[in-house]
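# Breakdown of the fold
Each chain, letter by letter, is given below.
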Amino acid sequence: MNFLRNRLVVLGLVLLATLLLYLLLPSIRQGSMEPSLEMAMVIITGLVCVCSKIPVNTVMCLCRLQIVLLHGQAFTSKTWEELGTMALLATNGYQALAMDLPDAALRFLDRIAEELELPLKKIEVFPGRVISIMTWEGTNPTLKSILLNSHTDVVPVYQEHWKYDAFSAFKDAEGNIYARGSQDMKCVTIQYIQAVRRLKARGWKPTRTLHLMFVPDEEVGGYKGMETFVKQPEFHKLNIGFALDEGLANPTDAFTVFYGERNPWWITVHCPGSPGHGSRFVENTAAEKLLHFGLFFIITFSLLRLNTSECFTLGDVTTVNMTMVKGGVAYNVIPAEMDVSFDLRIPPTVNLQEFERQIKQWCKEAGEDVTYDFAQKHMNQNITSTDESDPWWNAFSASCKEMNMTLKKEIFPAATDSRFIRAVGIPAIGFSPMNRTPILLHDHNEYLNEQVFLKGISVYERIIPALASVAALPDEA
Ligand SMILES: [Zn+2]
């Protein structure tokens, strides 16, 4: 107990020291401000002394160090290196060590796996980017498994626009729980866990193996998470037959399910032109071409928007937004080049080759030497079957029907990790059981009502057994 308390004190001091270092370092970086560095030193030296109760080998190592850097959520040891802090300390004659504390989400998952008595595997896809997988082995582990996927990261908040602390999970009188991630998608993570907990408690056993997977980096594109992991042998070893991943809230009584996603294309169009003095009539300018191209794009898709009737959802149509314009140095100088960038989201129903041909044509018509390149170009048009004859969909939808849930099938308007799962040929449904809830993902004051949240646990308690009991498919016989 005493040891535990000591460790807590040490941890407290470490965090305090980190915060102070964080506050002090900018001034260190800007020059040789020795007083600040000395102050940081005093604190850290103190810390090393306090740490003297840790194993002998480590102590010996630490005692020779003069500075230990630890990180919070935004910093890793790499950050210290990139900022030049390590080099700066070294040139000033200090021995420094930067350490990465294990992520809070990973520590939480460790605890849950222990409680659920499920083995937990951790795979570091990139340095500091860990995918955790809890596995509940089925009674017939040769059959394909079921993946219950969720991501552990969230998007940042603008606290000044929130009614309550965005990370306090404040529950108001109506039972609305305000928290970043309450909809996207901590709710689903916990619902999976609680449903499994209840199923275990009542002695149920899955036929097919269940994997609960927790991935990082979904919110920043998934490259250091799911996108890379699906290509690794460890992923293939999971032998996944069907996956559940995140969806969106639905303000009505219905629940939205997503069976496909639009493809994001991020494109920059380069418009070179004749430079010159801003006082003259100059032909063939970069700006002229930029406007020409922009008009083709924007007008085409604005007209499409006007024609969008109520039977379409955002996922069914292509959207185009001009998001960046670069070029020019002065009011009186006509620039030699201007760039314009667009964010396009294209539904799986569009012929992508045909679409790119159209872009090429517009470049040609915009003027001489107009070219384009992609910052992001997804070509995956896989959609998951929602035909009643499909065994996975049938198991999913039939159990929803038994609970009198109305399902609304849609194409996801943005992008989730499901696109990577579908791209390797695994059917995936995006589903977050949140009806009668405004869509507030990434928004200020994101919340979920506790009743909706609790109902969601019961929903998974029915869906998970239905999916885990899908009879052997022809290719599994
Ligand atoms: Zn999400």
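Residues numbered from 1 in each chain as written. Predicted model: local features only at pLDDT ≥ 70, side-chain atom pairs only at ≥ 80, totals over all residues.

## Observations concerning the pairing of strand β11 (residues 263-272)
Note: β11 against strand β15 (residues 337-346), ten bridges, orientation antiparallel. Within the sheet, the bridge partner assigned to Pro272 lies in β15 and is Glu337. As judged from the six bridges shared by β11 and strand β16 (residues 371-377), these two strands associate in the antiparallel manner. Within β16, the residue paired with Ile267 across the bridge is Phe374. (Pairing = 2+ DSSP bridges. Helix = DSSP H or I, 4+ residues; strand = E, 2+ residues; numbered from the N terminus.)

## Section: helix α12 (residues 391-402)
In this model, α12 (twelve residues) spans 16 Å end to end at C-alpha, consistent with the 16 Å of a helix rising 1.5 Å per residue. Buried within α12 we find Trp392, Trp393, Ala395, Phe396, Ser397 and Cys400. Here the buried face of α12 lies against β9 (240-245), β17 (407-412), β18 (428-431) and α14 (450-468). At the exit of α12 stands Asn404, carrying a positive phi of roughly 60°. (Expected span 1.5 Å × (residues − 1). Buried ≥ 20, exposed ≤ 12 C-beta atoms within 10 Å, placed from the backbone. Contact = placed C-beta atoms within 7 Å.)

## Things to note about the packing of helix α7 (residues 186-201) against α14
Where α7 contacts α14, the two axes come as close as 8 Å, and the packing angle between them is 60°. Of the possible angle classes, the one that applies to α7 and α14 is oblique. α14 is crossed by α7, and the crossing has right-handed handedness. Residues Cys187, Gln191, Tyr192, Gln194, Ala195, Arg198 and Leu199 of α7 form the contact with α14, whose own contacting residues are Phe453, Gly456, Ile457, Tyr460, Glu461, Ile464 and Pro465. For the contact of α7 with α14, the per-class residue count stands at nine nonpolar, three polar and two charged. (Axes fitted to C-alpha atoms, helices over the stretch in contact; angles between N-to-C directions. Parallel < 35°, antiparallel > 145°, perpendicular 65-115°, else oblique. Left-handed = near helix turned anticlockwise from the far one by under 90°. Nonpolar A, V, L, I, M, F, W, Y, C, P; charged D, E, K, R; others polar.)

## Examining the sheet that holds strand β6 (residues 170-171)
Picture the strands of a sheet paired through backbone hydrogen bonds; they go either parallel or antiparallel. With respect to topology, three strands assemble into an open sheet ordered β6-β7-β19, the strand pairing being antiparallel. The open sheet has two edge strands with one neighbour each: β6 and β19 (447-449). Summarising the sheet, β6 and strand β7 (residues 176-178) pair through two bridges and their orientation is antiparallel. Within β7, the residue paired with Lys171 across the bridge is Ile177. Relative to β19, α14 is tilted by about 70°, and along the sheet it contacts β6, β7 and β19.

## Topic: the nonpolar core
Formed by 65 residues in total, the largest nonpolar core has its most connected members in Ile131, Tyr192, Ala243, Phe396, Ile429 and Leu467. Those residues within four positions of Tyr192 in sequence are excluded, and the remaining contacts are Leu148, Ser150, Leu212 and Tyr460. Judged by nonpolar contacts, the second largest core, of 16 residues, contains Ala286, Val320, Val340 and Leu344. (Core = buried A, V, L, I, M, F, W, Y, C linked by C-beta atoms within 7 Å.)

## Some words on the UniProt feature "active site" (unreviewed entry) in the protein chain
Those places that UniProt annotates as "active site" (unreviewed entry) correspond, in this numbering, to Asp153 and Glu218. Maximum C-alpha separation among the annotated residues is 6.8 Å over a sequence range of 66 residues, consistent with a single clustered spot. Relative to the elements of secondary structure, Asp153 occurs in the loop between β5 (145-151) and β6. You can call Asp153 partly exposed: it has 17 C-beta atoms within 10 Å. Beyond its immediate chain neighbours, meaning those up to four positions away, Asp153 contacts Pro216, Asp217, Glu218 and Glu219. With respect to the element layout, Glu218 can be found in the loop between β8 (210-215) and α8 (223-229). (UniProt positions renumbered as here; feature names shortened; annotations may be inferred.)

## A word on the environment of Gln159
If you trace the backbone, Gln159 turns up in the loop between β5 and β6. Judged by the 12 C-beta atoms lying within 10 Å of it, Gln159 is exposed. Through-space distance from the C-alpha of Gln159 to that of His444 is 8.1 Å; in sequence the pair is 285 residues apart.

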